[in-house]
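# Structural overview for review
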Amino acid sequence: MVAIKQISLFVENKPGRMAKVSKTLSDAGVNIRALTVAEAGDFGVIRMVVDDPEKGYQVLHDNGFTVSETEVLAVEMKDIPGGLYEIVNTLGESDVNVDYAYAFVTTKAERAMLIIRVDNLEKARGVLSDAGIKLATRDEIQKI
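Quick look at the structure, then. (Residues numbered from 1 in each chain as written. Predicted model: local features only at pLDDT ≥ 70, side-chain atom pairs only at ≥ 80, totals over all residues. Heavy atoms only, no water.)

### Observations concerning the overall build of the protein chain
The secondary structure content of the protein chain amounts to five helices and six strands. Sequence-ordered secondary structure for the protein chain, helices as α and strands as β, is β-α-β-β-α-β-α-β-β-α-α. Computed over its C-alpha atoms, the radius of gyration of the protein chain comes to 16 Å, within 12% of the 15 Å expected for a compact globule of 144 residues. Dimensions of the protein chain, computed from C-alpha atoms along their principal axes, come out at roughly 40 × 30 × 30 Å. Here the protein chain holds 144 residues, and 40% of them are scored as buried. Put simply, of all contacts in the protein chain between residues at least 6 apart along the chain, 69% involve residues at least 24 apart. A total of about 7700 Å² of accessible surface is found on the protein chain, and carbon and sulfur atoms cover 48% of it. (Helix = DSSP H or I, 4+ residues; strand = E, 2+ residues; numbered from the N terminus. Rg over C-alpha atoms; globule rule 2.2 N^0.38 Å. Buried < 20%, exposed > 50% of the residue type's maximum accessible area, 1.4 Å probe, protein only. Contact = heavy atoms within 4.5 Å. Areas by Shrake-Rupley, 256 points an atom, 1.4 Å probe, with all protein chains shown as cover.)

### Let's talk about the sheet that holds strand β5 (residues 98–106)
Taken in spatial order, the six strands make up an open sheet running β2-β3-β1-β4-β6-β5, and their pairing is antiparallel. Pairing within the sheet leaves two strands with one partner each, and these edge strands are β2 (32–40) and β5. Direction aside, the axes of adjacent strands within the sheet are offset by 30° on average. Pairing analysis gives eight bridges linking β2 to strand β3 (residues 43–50), with the strands arranged antiparallel. Among the inter-strand pairings, A34 is bridged to a residue of β3, identified as V49. With respect to the sheet, helix α1 (residues 17–27) is in contact with β1 (4–12), β2 and β3, its orientation differing from that of β3 by roughly 25°. (Pairing = 2+ DSSP bridges. Axes fitted to C-alpha atoms, helices over the stretch in contact; angles between N-to-C directions.)

### Description of the packing of aromatic side chains
Applying the stated criterion to the full structure yields one aromatic pair. Centre to centre, the rings of F10 and F43 are 5.0 Å apart; their planes meet at 10°, and the pair counts as stacked. Remark: F43 occurs in strand β3 and F10 occurs in strand β1; sequence separation between them is 33 residues. When the ring centre of Y100 is taken as origin, the NZ or CZ atom of R47, which lies over that ring, is 3.8 Å away. (Phe/Tyr/Trp six-rings, centres within 6.5 Å; stacked < 30°, edge-to-face > 60°. Lys NZ or Arg CZ within 6 Å of the ring centre and 35° of its normal.)

As far as function goes, none of this settles anything; it's purely spatial.
Laid out in structure tokens, this is it:
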């Protein structure tokens, strides 16, 4: 299976929390590749893909953060109008739901990447692969 690990943190929504998270990872030599923050009043959820998810998880856990790991897909997306549509339409037509997604553009690799969490990882992987949509591996994410 071509799935990558995403780190999720449940943190208080107050000044300095994001700085503490990023400093903790920075001090451990863990590089953030993609990130999204969802606010929910006094708390928030930070979801991120890092170059070394095991190390990132461990240092955050050891520093008192409420952290979990989730398997997600990193989908190579055409960096053109309709690039997202191609992916989500392919999934929707196969009855695969996208729970959430976030994207980033890589300047080094000159491509766009979409991180998605779906309700059926194995089916999504097969549907996207069958449609000729490339899924990135952990090694490819680490090299971005």
